[in-house]
Amino acid sequence: MSLKLKPGVVYGEDYKALVDHCKAGGFALPAVNIVGTSSLNAVLEAAAKNESDVIIQLSNGGAQFYAGAALEDSFQAKVLGAVSAAQHVHLLAEHYGVAVVLHTDHANRSLIPWIEALLDHGEAYYEKHGKPLFTSHMLDLSEDDLEFNLSESARVLERMAKIGMSLEIELGVTGGEEDGVGSDIDEDQMDNAKLYTQPEDVLEAYNRLNHLGHFTVAASFGNVHGVYKPGNVKLRPEILKASQELVAKEKGTDHNPLDLVFHGGSGSEKDKIAAAIEYGVFKMNIDTDTQFAFSEAVGAYVEENNVAFHHQIDPETGNPQKKFYDPRKWLRAGEKGMAERLDEAFADLGSVGRSATK
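Attention in this report is confined to the structure presented alongside it. This one's a predicted model, so the numbers in the text were calculated from it and none came from an experiment.

## Points about the overall build of the protein
- Along its length, the protein carries 12 helices and 11 strands.
- Within the protein, the fraction of its 358 residues that count as buried is 53%.
- Taking contacts inside the protein between residues at least 6 apart in sequence as the whole, the part at least 24 apart equals 74%.
- For the protein, the exposed area adds up to about 15,800 Å²; of that, 49% sits on carbon and sulfur atoms.

Dropping the structure here:
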């Protein structure tokens, strides 16, 4: 069924309709971390080319970099960088012709003030424009006890729901480190119970949050941030199935009542991605692979035009090198490399040609 959503940033009921559209169609959307206008525009470019909707997100560190590494007040930079990026997306997304989910990534206990500051801006934006600045925020309180995780999530969700926003929570611990949140993993200790979310915890989250507003769950099924040697990461998507079945049974809901998120998607086996989507995943985070794709393409450009990165004038030919070292050239190479990697992600997730705006 065609939704015919208006291109641009989605929120509220349109966001929930987009999530349902993905789940009913058996596909998911890539969630791509950005750090500046080049990576942000590359995501929009790739989404438009693939006629797929997309999720653009910032970590607190990414937001700080977006504001400028020289800004002395780091907290202010994390807030203003996120606000600036959001305004960029609101201005340009509709012109790319796809629906964009605008999201902030991992915020642990120490970053709750960051989320609350962004909500201050979001509420002001809502008052002026009738819509929120962001589609959703994430609270990653998975390192805290379940009671604190869910009570804080409930408190923040109540505030967010008033302006049509959604909350993403994490249950179970996604291994590895995402921009300073989490801790690196010992590859010899991958079979760790903390990496696998307990269905009973998911049911408790449903009981505590579902009546307050829309929420999504990053449930851990062995996934980790980063890329590790083949065989060291033991993905078990069946854990997602168990959570869905428990909630459906206890609450009398339809099939796959939970809106699930796949963190640490870079490097994952394609059959595990397909299974996760079957069990209700509508969003897969991809950051490590897209970072590498951007950097690899820039590196290749520098190697190919090496003289230009050491001399303004070629010492052998006397030819000016400006057209080669112009930042727009090598940044564009990075954008194209990142966009090409996203072509693969859209295909893996089955979202090519399935934008809800068409």
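## Some remarks on the pairing of strand β9 (residues 215-219)
- Most of β9 is tucked away, with 5 of its 5 residues classed as buried.
- On β9, burial covers both faces: Phe-215, Val-217 and Ala-219 on one face and Thr-216 and Ala-218 on the other are all buried.
- Judged from the 5 bridges that link them, strand β6 (residues 166-171) and β9 form a sheet pairing that is parallel. Bridge pairing links Leu-171 to Ala-219 in β9.
- Two strands pair when backbone bridges link them, and β9 and strand β10 (residues 260-262) are joined in this way by 2 bridges, in the parallel orientation. Bridge pairing in β10 places Ala-218 opposite Val-261.

## Some remarks on unusual backbone geometry
- In this model, Lys-4 sits at a positive phi of 55°, which is unusual for a non-glycine residue.
- Its location among the elements puts Lys-4 in the segment before β1 (8-9).
- On the accessibility criterion, Lys-4 (57% relative accessible area) is exposed.

## Quick look at the packing of aromatic side chains
- Inspection of the entire model under this criterion finds 3 aromatic pairs.
- Arranged with centres 6.1 Å apart and planes meeting at 90°, the rings of Tyr-301 and Phe-309 form a pair that is edge-to-face.
- Given the relative accessible area of 14%, Tyr-301 is considered buried.
- Lying over the aromatic face of Phe-148, Arg-109 brings its terminal NZ or CZ to 3.8 Å of the ring centre.

How each quantity is defined
- Residues numbered from 1 in each chain as written.
- Predicted model: local features only at pLDDT ≥ 70, side-chain atom pairs only at ≥ 80, totals over all residues.
- Heavy atoms only, no water.
- Helix = DSSP H or I, 4+ residues; strand = E, 2+ residues; numbered from the N terminus.
- Buried < 20%, exposed > 50% of the residue type's maximum accessible area, 1.4 Å probe, protein only.
- Contact = heavy atoms within 4.5 Å.
- Areas by Shrake-Rupley, 256 points an atom, 1.4 Å probe, with all protein chains shown as cover.
- Pairing = 2+ DSSP bridges.
- Phe/Tyr/Trp six-rings, centres within 6.5 Å; stacked < 30°, edge-to-face > 60°.
- Lys NZ or Arg CZ within 6 Å of the ring centre and 35° of its normal.

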